[in-house]
Every structure is written in C-alpha cells, then in structure tokens.
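Coordinates in review
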Amino acid sequence: MIVGAGPRGTGLIERIAANAGELYAGAGPGFAGAGFDIHLVDPYPPGAGRIWRADQSPLLWMNSQAEDVTMFTDETVRMDGPVREGPTLHEWAGLDGRFFPDRRIQGAYLRWVHEGAVAALPEGVTVHHHPRRALRVSGPREGRQQVWLEGRPRPLLADLVVLALGHLDAELDDGQRGLAKYARTHGLVHLPPDFTADSDLSRLAPGEPVLVRGFGLAFVDLMVLLTEGRGGRYEGDPDGGELTYHPSGREPVLYVGSRRGVPYHSKIGYDLEGERPPLPRFFGPAEVDELLARTGGFDFRRDVWPLVEKELGFAHYHRLFTAHAERTAMAWAAFEEKYAASADAGERAVLVASAVPDAADRLDLAALDRPLEGVRYGSYEEFQVGLRGHVEADLTRRHDPAHSGDLAVFFGLLSVYGQLIRLGDVGSWWHGFFSCLASGPPGPRLRQMLALSRAGVLNFVGADMAVAAEGGVFRASSVTVPGGSVEARALVEARLPEPTVARVRDALLRELFDDGGVVETAEGLVAVDAADGRVLDRSGRPHPRRFALGPYTAGRTPGAFTRPRTGGPAFRQNDATARAVLTFLRDLGCGVAA
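Below or above, wherever it landed, is the structure these notes cover.

Scoring rules and cut-offs
- In this convention, every chain numbers its residues from 1, walking through the sequence in written order.
- Reporting in this predicted model follows two pLDDT cut-offs: at least 70 for local features of residues, and 80 or more for side-chain atom pairs to be given and counted; totals over whole chains, interfaces and linings ignore these cut-offs and use all residues.
- Water and hydrogen atoms play no part in the side-chain values, which are based on all heavy atoms of the structure.
- Axis definition: a line fitted to C-alpha atoms, limited for helices to the stretch in contact. Angles are taken between N-to-C directions and run from 0 to 180 degrees.
- Only DSSP runs of H or I with at least four residues qualify as helices, and only runs of E with at least two residues qualify as strands; both kinds are numbered from the N terminus onward.
- In these notes the angle categories are as follows: under 35 degrees is roughly parallel, over 145 is roughly antiparallel, 65 to 115 is roughly perpendicular, and the rest is oblique.
- Helix crossings fall into two classes, left-handed where the near helix is turned counterclockwise from the far one by less than a right angle and right-handed where it is turned clockwise.
- Whether two residues are in contact is decided by their heavy atoms, any of which lying within 4.5 Å being enough.
- Expected helix span is computed as 1.5 Å times (number of residues minus one).
- Relative accessible area decides the class of each residue, using a 1.4 Å probe on protein chains only: under 20% of the type maximum gives buried, over 50% gives exposed, and in between gives partly exposed.
- To obtain the arc, one takes the directions from the helix axis to the C-beta atoms.
- Only strands joined by at least two bridges in the DSSP assignment are considered to pair.
- A pairing counts as a salt bridge when a side-chain nitrogen of Lys or Arg comes within 4 Å of a carboxyl oxygen of Asp or Glu.

1. Some points on the packing of helix α12 (residues 405-420) against helix α13 (residues 428-438)
- Look at α12 against α13: their axes get within 10 Å of each other, and the N-to-C directions meet at 155°. Taken together, the axes of α12 and α13 are roughly antiparallel relative to one another. Considering how the two elements wind past one another, α12 and α13 form a crossing that is left-handed. Across the interface between the two elements, Phe410, Leu413, Leu414, Val416, Tyr417 and Leu420 from α12 touch Trp430, His431, Phe433, Phe434, Leu437 and Ala438 from α13.

Following this line, the structure appears as structure tokens:
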C-alpha cells in the first residue's frame, strides 16, 4: 500500500514498474507471486496530489523552468535499477524550455506520468486508488499490516506500507498558539504557516496593513494572490526592464520581513556553456563513508560544512578559471593544486585573494546567505530604496553569463545535497541555505516585487524580524532599521509548516508517533534507514514492512522531481525502496498486496 498519490508516490510506482522484470516477474519457474495489488490512498488526484492539483489559481507558477523538470531517470542517477528515460515537462507539453509554467500544467504532466507508470506495470499487478485519507496503520512486525481509511468500517490489509505523505499540516507551536489566542481576544487576524493556496486570504482587508513573516516561496504565492489575484495588473516587460504596477484598490498593504530580511536569490537566467565542474571533488562518497564510520558521530558545522564549503568553492573557481580566465591572476593548474592542498577556509581565502583580483569574483557564502548582516539604515524609507537596489543587483548578476560561476555553484549545491542524504538528518539550517541560493523565485517574480514596492503595496521590514503582540495590535521590528517599528491588525506566517512529527496533524503519522511506531530525529523528522527508506524504531531497527519517503523524513531531498542529468536524489531513493518492496514480495512468495 502506498499512502500518498502525489509525485513521490508516482515516482515509486514508476520504479516498481522499471524493476519488476528483474526482481519479481523474472523470479523463475514455480514462483507463486504471479501478481500483486497496489493500493494507492490519497483524497487528491493521483499524480498531481494536493500541491499540483488542478483546482488552484492559474496565477501560481512552478518555481522551475519547464526544461528543468523531469520525472524520469537518466544515466546520472546512481541506482541499481534500470534507467527509463522520458520527456521533460517542456518536451511533453510543447512549451518553451525557459518558460515558468503554472502549477496546473505540472499537475497534468504528473497525471500523465502516473498513468504511464501504471500502464508499464507487469501483467497481474493492479493499482487501486482510494480517494480517502488513511487514518491508522497497525500490525505486527512480521505480519500483514492493517490500514484504516476514512469512511470505511474495516481496514485494508497489506504486506507492506509506504508512506509518501508529502508536505504535512502541523499543529501550532507555543508561540503561534499565543499569537492566535491574542488575535481572537483583540479581534485581529493571524494566519499560521500553511500551503498558501489553501489559506483563507479573504480575511485580509483591502487597504489594511498586513505584517508578513517569511520572505521565501510561500511569500511569493501570497504576494501574487493578494495583488494580481485581486485584479491588479502590471505594465511593461516582465523578462527585463522596469514594470509598473496598477493597483485595483482591493489589495492590502504588505510589510514583509524574515530572518534574512531579503527574498531568496533569483533563479539563474542563462545556460551553462562549456564544461561543467567535475563534481563531486571534495565531498563525495568517500568523504561520506568516512563521516558515517566515525564512532562518535559527526557535527554538521564542525565536520561536514568545511567539506561542503570547499566543494562549492571548487565549483565556483573551476568555472571562473576555465571560462573567465582573464579575471584571474594564476594558472588553473597551479590554483587547483594549492586549493586542494589547503587545510582550512582561512588558507583558501589567502589563496583566492592572490589569484582573483576582483572581490566580486570571489565566492562569499556568508554574504550570500545573510546580505544584511551588520547593515543598518536610518529609516524605513531609506531601507526600501536600499533593498530594491539589492534585488536589482541580484537580478542583473543572476541573468549575466559573465558571472557563470554562480551557475556552477548551483550544480555544486545539487551535488552536495545528493551526498548529504546519506548522512540523514543534518539540520534545518542547510535546507534553508540551499533554498536561498538554489531555489529562489523566477526573475519575473522579483521584477513584480520591485514594482509593488515602488507602488507602495509592498514594504520591506528587514532582517531578524521580530513580532510583538501588544497594545491591541501586532508590531514588527528589525535590527536593520534600529528603533523603527510597524503595526498592523493582521499577521501572516508565510511559510510551510515545519515537518516535525510531534506536531503533525496527519492522523496516521501522529498515532504512529504516539505509539512509538515512528521516532523523530533531533530536527523532529521521521527516522528512516538511509539505504531504502524503512522506518526505524526506538532501538534503530528498520521495520521490515513499513517505509517512509518525503520531506517529513530524515531522508528528505530537494524535491520529488528534479532537473535532468543532475543525479536525481529522490529517484535514487525511489529506486532503492521499489527494489526493497519487490524483493520482499518475491521472497514472501504470495504477491497478495503491496
């Protein structure tokens, strides 16, 4: 049984189909497992699932260009199963590869992939979709599992259960509960973390100030739905130049801040010509093996981050020296030898200073992560101008192939992420850092943001935004503008709920946690076996019949689909889990249900 019919569940079915010929259908004469049933449980449509369903605003885009989205494996995916190539989104839909499609188009692609995966299953394997919620799973470690569904008096029986639950809703934490209670007491509006397309934005009144905490992709969706979604329009070229926003009069006035105080870096607007950096170089399988072999464990900041930092620097400087050698003062071979021999970041900084004359060509990860660190403005008016300048500079650089080292770092980030998955739960800081650098909004969205700022519909609060509930209102302040504050009667937490098991709303996962059927890591994620996704118990034993894949697990990846030829960490996980499922059913010899 697969609980979750979105892209992760679909990817698992595709891998079951790809591997069945070797591990199941080809098991040999006399094999009893001539077929089995796959029960797919999800109230949302198979393939698209909740996030990519058709009934959402066409104004909401994907955060990837059409050519950068695939659900199919290729030769770069390190897995034991066979490669089964297929079209990218832009090939399937006949779109310009540089186009950012709306989410409904991606949903249609995912439905098509799902249908193809089901059709590719061997004869005798049947998929049954149950458009319901799974409420509970029980059963002995060595016996069949019982899965109760909403509205059904009796459970379904399954030899194996795979939880592919996707992004989950969560109960409010202590701080959010306090804000929600304050809002009820004083007649205010508090919208907690949520998938923005599901939030009740009608509570945000036209013309009223709204504090927004969170400057990532959830904020971009919020911005779109409260502006264009309420009848506003843009004039000008969204792909370059300056846009002008014409309000409808139905927009609220947004005041946004976050820990960084800036939006994520723009998507890069060009292709990498020529040689890609040869990755992994300093953080690959051998380094991960060494970390895993340490008897005392490892610390991310002390033991892992220095390797990551060196790897990203190598990607950047390899590109700079090979594609923009005129901006360097040393031969690449000499630089690479000294870079490889460097013992720490300080030694590398000295080397870079001597070999790369212009500071703008040097990789400064700390500044990229926290560009407002130590920056202060005398007033909010000055800060609006300053932050618009920051966004404009970021847009210019990220669309200029003269700075193609930035794209090389992007590939470095993907390579690093693929390695980190083997280490399990490495903490939330890394995921935020990755998203800021590698998963920012399309350039047109940032140009819209600038237009809204110039129109006075959007205002910036600053870094380390703090929210106080006092005086019958919400009040926001930031270290970026010392002594300044903004007040409003509405507060939106513009981010997805934290995927912590202890606060999850999903009834099935919550009961498993309460009963000890799953355990949480230090970051609150479901502990799973890195090899094949089996759920771990309190003693660290993998459950023989239960698996978990997705962002709520310690094996979380950048997404359920990926950019072509970038290794596809989720595909590798899907393949390992599919092979474990098929091997179990083959050895079981009954083939009754999966």
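2. Some details on the environment of Val127
- Note on placement: Val127 falls in strand β3 (residues 125-130).
- Sequence-distant contacts of Val127, that is, excluding residues within four places in its chain, are made with Ile38, Leu40, Val118 and Leu121.

3. Examining helix α3 (residues 103-119)
- Taking 1.5 Å per residue, 17 residues should reach 24 Å; α3 reaches 24 Å between its end C-alpha atoms and fits that length.
- Looking at α3, one finds that the buried residues are Arg103, Gln106, Gly107, Tyr109, Leu110, Val113, His114 and Ala117. Down the axis of α3, the buried set is contained in an arc of 160°. They therefore lie on one face. Residues of α3 that are exposed and point over 90 degrees away from its buried face: Glu115 and Ala119.

4. As for the sheet that holds strand β12 (residues 253-257)
- As summarised here, the arrangement of the 5 strands in space is β8-β17-β9-β12-β13, forming an open sheet in which the pairing is parallel. Edge positions in the open sheet fall to β8 (189-191) and β13 (458-462), since each of these has one partner strand only. Sheet twist, expressed as the average angle between the axes of neighbouring strands with direction ignored, equals 20°.
- Pairing of strand β9 (residues 209-213) with β12 involves 5 bridges; the strand directions are parallel. The partner of Val212 across the bridge, within β12, is Val256.

5. Observations regarding the pattern of salt bridges
- Counting across every chain of the model gives 39 salt bridges.
- A salt bridge links Arg177 to Asp174; the shortest N-O distance between them is 2.2 Å. Of the two residues, Arg177 and Asp174 both sit in helix α4 (residues 174-186), 3 residues apart, roughly one turn of that helix.
- The class of Asp174 is exposed, set by a relative accessible area of 60%.
- Ionic pairing is found between Glu336 and Arg281, a salt bridge with its closest N-O pair at 3.7 Å. Separated by 55 residues along the polypeptide, Glu336 in helix α8 (residues 332-341) and Arg281 in the loop between β12 and α6 (285-293) bring together distant segments of the chain.
- For Glu336, a relative accessible area of 24% puts it in the partly exposed group.

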